[in-house]
Amino acid sequence: MNTKTPFILGGLCLALFAFVFLVESKWESTDDKMKKGKRLYSVKSSDIEKISIRNKNYSVVLKKNKGEWALHEPLNYPASKQEVNLLLTDLEFLDNTRAFEMKDKEKEIALYSLKDPVTVLRANWGKDEQIELRIGGETPTGGGVYAQTQKNSDRVLVIPKALPETLAKPVEFWRSKDIVSLKRTELKSVTIKTRVQEIEVAKKNGAWRIERPLVARADEQRINSLISSLASAKAEGFASDSDADLEAYGLREPALEIRIRHEKEDADSTLLFSDPSKTTNGMIYAKQAGTPNVLTVKSDTFSMLSPSLPSLRNRAPSAFQRHLVQGIAISRNATSFEAIKEGDQWKTGGSDSVTLSPKSAETFLDKLLKLEATDFVADSPSDLKKYGLETPDATITLTLTKEQKKQKNKKEETNSDDAPESTTETLSLLIGKSDKNGVYLLNRPENTVYTVKSDALSFIEFPSWEWFDTTVLKTDANNISALTLTKTGTTTTVRRTDQGWTADPGEANSAAIDSIATLVSTLRAQRWLGPQPKLPSKKPNITYAFSTAGKDYTLRLYDCKEGKPCVAYLEGGTPLFFELGDTDVTFLLQPLTVERAPKTP
């Protein structure tokens, strides 16, 4: 083989790759060429900065500034983004269905209504770039319209009717129908003033709050819905574009005034609306203060934009962030219960702390968060007695960790003269009397009285022991050195030795004893029954006594029968009765000794 052959082949491969990458990749398909060949203009719609439309009766000029389109003739007014964008798209993809040269230009140009065009469209971009489209009359079949381009005045095109029909629309077609321009991410406050109330909502630390006529938590969803309604409210028409007599339109003393404040004051605006009881063809008048334009809007816009104070308030009697809760205290009918969070675990308060079920604590907090008021009864009431809240039936108190704010400078960090700020705060919910309106609740420190449905508080009726973890005992089965079973007056003891289990009396049933030792060392309740449940019998019919890790335990079983759950109590463990599952009962009923059949003589 010639030694030059590999180099020649390699060079051909490189040349082929370069051809494909540099030449063939840029080839257009026949379909693409035909499509582009029929397009009148190559300009992109996004590049166009000015549009002028001259019809026989009026002219329209639209200009783009910082991405926003506005009318400049015959008046200054924001343009409809939707209509302008559709026009630009139609222009970018405008095709001619056919084209021909005029043989006698002077005669034919009038024949096609192009000497004095019906419409002239001009679009500008860059410094000097411009296109012109001169639109004449319809074709005899009515399927298209005659047109000419600026660059070729001897040539006549036939274009679809859609674009000419759009260009023939009246000035109002190009006007924005939005009654206000909102920058939602920069909103600072919204004030709604009617003849009966004035409500101000303000955004603080990313959350909406009611600031007037009282300070209260706001319903975020309802506020966002109000803002969406405000942003989507549309004008149905334009009553006046001059400094109109506000009295004639009922706007000198408007029935509704909405003040919108942004982070940047130049974006602020105030809307005025006339009285909905004085409608004209189902319309009311509206205008933006400081502008001469009076709009007409549907009368139901008034009710949509003037909600009542209660509808904007947060209906949750207690609002908190669940991850900040470090303690839960419930007192009712002279009894109390306290749960404290330590790391990821919940435990009871006091010296004899017991681990609680995380699920129970989290479920309680979830239900508390979902509690919804049916009514707002009073704010800062002076008489709590009439609501049964002077001596409440029950009280729920949450201890929460304060979210620490970043200190402004190092001086604040090192100033030892300042008293240390508390890192916790409390939220209490007092439960009062119940009547036809429901159950009365008082939130502290907000000091607002609510009502909730009578059955809404059933989740705090359950006994506190239902919060406990269902683990009754957890230890190492290998640490159990002896088991003593007492059943129907008979006692059997088994002991662990180096050779295995031994029984007194009888022969040890090692497999059964191992399974029982494992079960009692990891004992789990099916459910807690409380400190004094109704027992199926006065005395236990089975007991297991055992020691592990230096502590003595006695497991008492009441009326235990194979295949059925039974009541149990572990002396030395959590001082509560519990229910054992049927499978565990079956294991515990296994004999500790092996019964051997008598030998046949």
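Just so it is clear, the structure is predicted and the values come from calculations on it, not from any experiment.

**Quick look at the overall build of the chain**
Here is step 1 of the chain: Secondary structure summary: the chain contains 13 helices and 37 strands in total.
Here is step 2 of the chain: Residues classed as buried in the chain amount to 39% of the 601 residues present.
Here is step 3 of the chain: Here the contacts in the chain between residues at least 6 apart in sequence split such that 58% fall between residues at least 24 apart.
Here is step 4 of the chain: By element, 48% of the accessible surface of the chain is carried by carbon and sulfur atoms, the whole surface being about 35200 Å².

**Some thoughts on the pattern of salt bridges**
Here is step 1 of the chain: The full count for this structure, using the stated rule, is 25 salt bridges.
Here is step 2 of the chain: Put simply, Asp 469 and Arg 524 hold a salt bridge, and the shortest N to O gap is 3.8 Å. With Asp 469 in the loop between strand E27 (448–452) and strand E28 (482–487) and Arg 524 in the loop between helix H12 (510–521) and strand E32 (527–530), the pair connects residues that are 55 residues apart, well separated along the chain.
Here is step 3 of the chain: According to the relative accessible area criterion, Arg 524 is partly exposed, its value standing at 44%.

**Digging into the state of the cysteines**
Here is step 1 of the chain: The tally for this structure, following the rule as stated, stands at one disulfide.
Here is step 2 of the chain: Two residues share a disulfide in this structure: Cys 560 and Cys 566, whose sulfurs sit 2.1 Å from each other. Both residues of the pair, Cys 560 and Cys 566, count as buried.

**Here we look at unusual backbone geometry**
Here is step 1 of the chain: Of note, the amide linkage connecting Glu 73 to Pro 74 takes the cis form, showing an omega dihedral of 5°.
Here is step 2 of the chain: On the secondary structure map, Pro 74 appears in the loop between strand E3 (68–73) and strand E4 (77–78).
Here is step 3 of the chain: Its identity as a non-glycine residue notwithstanding, Ser 113 has a phi of 60°, on the positive side.
Here is step 4 of the chain: Counting through the fold element by element, Ser 113 comes out in the loop between helix H4 (105–111) and strand E6 (119–125).
Here is step 5 of the chain: Using a relative accessible area of 30% as the deciding quantity, one classes Ser 113 as partly exposed.
Here is step 6 of the chain: Here the phi dihedral of Ser 380 falls at roughly 50°; this positive angle occurs in a residue that is not glycine.
Here is step 7 of the chain: Tracing the sequence through the fold places Ser 380 in the loop between strand E23 (375–379) and strand E24 (394–401).

**Points about the environment of Glu 138**
Here is step 1 of the chain: Within the fold, Glu 138 resides in strand E7 (residues 129–138).
Here is step 2 of the chain: For Glu 138, a relative accessible area of 51% puts it in the exposed group.
Here is step 3 of the chain: Between the alpha carbons of Glu 138 and Lys 161 there is a distance of 8.2 Å; along the sequence they are 23 residues apart.
Here is step 4 of the chain: In this structure, Glu 138 is in contact with Gly 144, Val 145, Tyr 146 and Lys 161, ignoring residues within four places of it in sequence.

**With respect to the sheet that holds strand E36 (residues 577–580)**
Here is step 1 of the chain: Spatial ordering of the open sheet is given by E30-E29-E28-E33-E34-E35-E36-E32, a layout of eight strands whose pairing is antiparallel. Single-partner strands in this sheet number two, and they are strand E30 (500–504) and E32. The sheet shows a mean angle of 25° between the axes of neighbouring strands, direction not considered.
Here is step 2 of the chain: As paired elements, E28 and strand E29 (residues 490–497) share six bridges and run antiparallel to each other. Its bridge partner lying in E29, Thr 486 is registered against Thr 491.

**Some points on helix H7 (residues 220–232)**
Here is step 1 of the chain: For H7, spanning 13 residues, the distance from its first C-alpha to its last is 18 Å, which sits close to the expected 18 Å at 1.5 Å a residue.
Here is step 2 of the chain: Listed in full, the buried residues belonging to H7 are Ile 223, Leu 226, Ile 227, Ser 229 and Leu 230. Burial along H7 is one-sided: seen end-on, the buried residues are contained in an arc of 155°.
Here is step 3 of the chain: One side-chain oxygen of the residue at the start of H7 lies 3.1 Å from the amide nitrogen of Gln 221, identifying that residue as Asp 219.

**Quick word on the packing of aromatic side chains**
Here is step 1 of the chain: Across all of its chains, the model carries 16 aromatic pairs by this definition.
Here is step 2 of the chain: Between the aromatic rings of Phe 100 and Tyr 146, the centroid separation amounts to 6.5 Å while the plane-to-plane angle is 90°, which identifies the pairing as edge-to-face. Linking Phe 100 in strand E5 (residues 98–101) with Tyr 146 in strand E8 (residues 145–149), this pair joins segments that are 46 residues apart in sequence.
Here is step 3 of the chain: The exposure class assigned to Tyr 146 is buried, which follows from its relative accessible area of 8%.

**Regarding the confidence of the model for the chain**
Here is step 1 of the chain: With 89% of its residues at a pLDDT of 70 or more, the chain has an overall mean of 87.
Here is step 2 of the chain: Predicted confidence is poor over residues 19–37, with pLDDT under 50, and the contacts of this stretch with residues over four places away or in other chains come to seven contacts.
Here is step 3 of the chain: Every residue in residues 405–414 is under pLDDT 50, and counting partners more than four places away or in other chains gives two contacts.

**Structural notes on the side chain of Thr 296**
Here is step 1 of the chain: Within the secondary structure, Thr 296 is located in strand E18 (residues 294–298).
Here is step 2 of the chain: Not counting residues up to four positions away in its chain, the partners in contact with Thr 296 are Ala 235, Glu 236, Gly 237, Phe 238, Ala 239, Met 283, Ile 284 and Tyr 285.

**Some details on the nonpolar core**
Here is step 1 of the chain: In terms of nonpolar packing, the biggest core is built from 67 residues, with Ile 51, Leu 62, Leu 133, Trp 174, Ile 179, Ile 258 and Phe 273 touching the most fellow members.
Here is step 2 of the chain: Core analysis: the second largest hydrophobic core is formed by 63 residues, Leu 324, Phe 468, Leu 473 and Ile 542 among them.

**Here we look at H12**
Here is step 1 of the chain: The end-to-end C-alpha distance of H12 is 16 Å, a good match for the 16 Å that 12 residues give at a rise of 1.5 Å each.
Here is step 2 of the chain: Those residues of H12 that sit buried are Ala 512, Ile 513, Ile 516, Ala 517, Leu 519, Val 520 and Ser 521.

**Concerning the environment of Val 60**
Here is step 1 of the chain: Take Val 60: it is sitting in strand E2 (residues 59–65).
Here is step 2 of the chain: Between the C-alpha atom of Val 60 and that of Pro 170, which follows or precedes it by 110 residues, the distance is 9.1 Å.
Here is step 3 of the chain: When sequence neighbours within four positions are dropped, the list of residues in contact with Val 60 reads Ile 51, Ser 52, Ile 53, Leu 71, Glu 73, Pro 74, Val 171 and Trp 174.

**With respect to the sheet that holds strand E12 (residues 207–212)**
To summarise the sheet geometry, strands pair through backbone hydrogen bonds and adopt either a parallel or an antiparallel arrangement.
Here is step 1 of the chain: Taken in spatial order, the nine strands of this open sheet run E13-E12-E11-E10-E15-E16-E17-E18-E14, and their pairing is antiparallel. Only two strands of the sheet have a single partner each, and these edge strands are strand E13 (216–217) and strand E14 (237–240).
Here is step 2 of the chain: As paired elements, strand E15 (residues 256–262) and strand E16 (residues 269–273) share five bridges and run antiparallel to each other. Within the sheet, the bridge partner assigned to Ile 258 lies in E16 and is Leu 271.
Here is step 3 of the chain: Across the sheet, H7 touches strand E10 (187–194), strand E11 (198–204), E12, E15 and E16, and the angle it forms with E12 is around 85°.

Parameters at a glance
- Residues numbered from 1 in each chain as written.
- Predicted model: local features only at pLDDT ≥ 70, side-chain atom pairs only at ≥ 80, totals over all residues.
- Heavy atoms only, no water.
- Helix = DSSP H or I, 4+ residues; strand = E, 2+ residues; numbered from the N terminus.
- Buried < 20%, exposed > 50% of the residue type's maximum accessible area, 1.4 Å probe, protein only.
- Contact = heavy atoms within 4.5 Å.
- Areas by Shrake-Rupley, 256 points an atom, 1.4 Å probe, with all protein chains shown as cover.
- Salt bridge = Lys/Arg side-chain N within 4 Å of Asp/Glu carboxyl O.
- Disulfide = S-S within 2.5 Å.
- Pairing = 2+ DSSP bridges.
- Axes fitted to C-alpha atoms, helices over the stretch in contact; angles between N-to-C directions.
- Expected span 1.5 Å × (residues − 1).
- Arc of directions from axis to C-beta.
- Polar contact = N/O pair within 3.5 Å; in protein donor to acceptor, adjacent residues only side chain to side chain.
- Phe/Tyr/Trp six-rings, centres within 6.5 Å; stacked < 30°, edge-to-face > 60°.
- pLDDT = per-residue confidence, 0-100.
- Core = buried A, V, L, I, M, F, W, Y, C linked by side-chain atoms within 4.5 Å.

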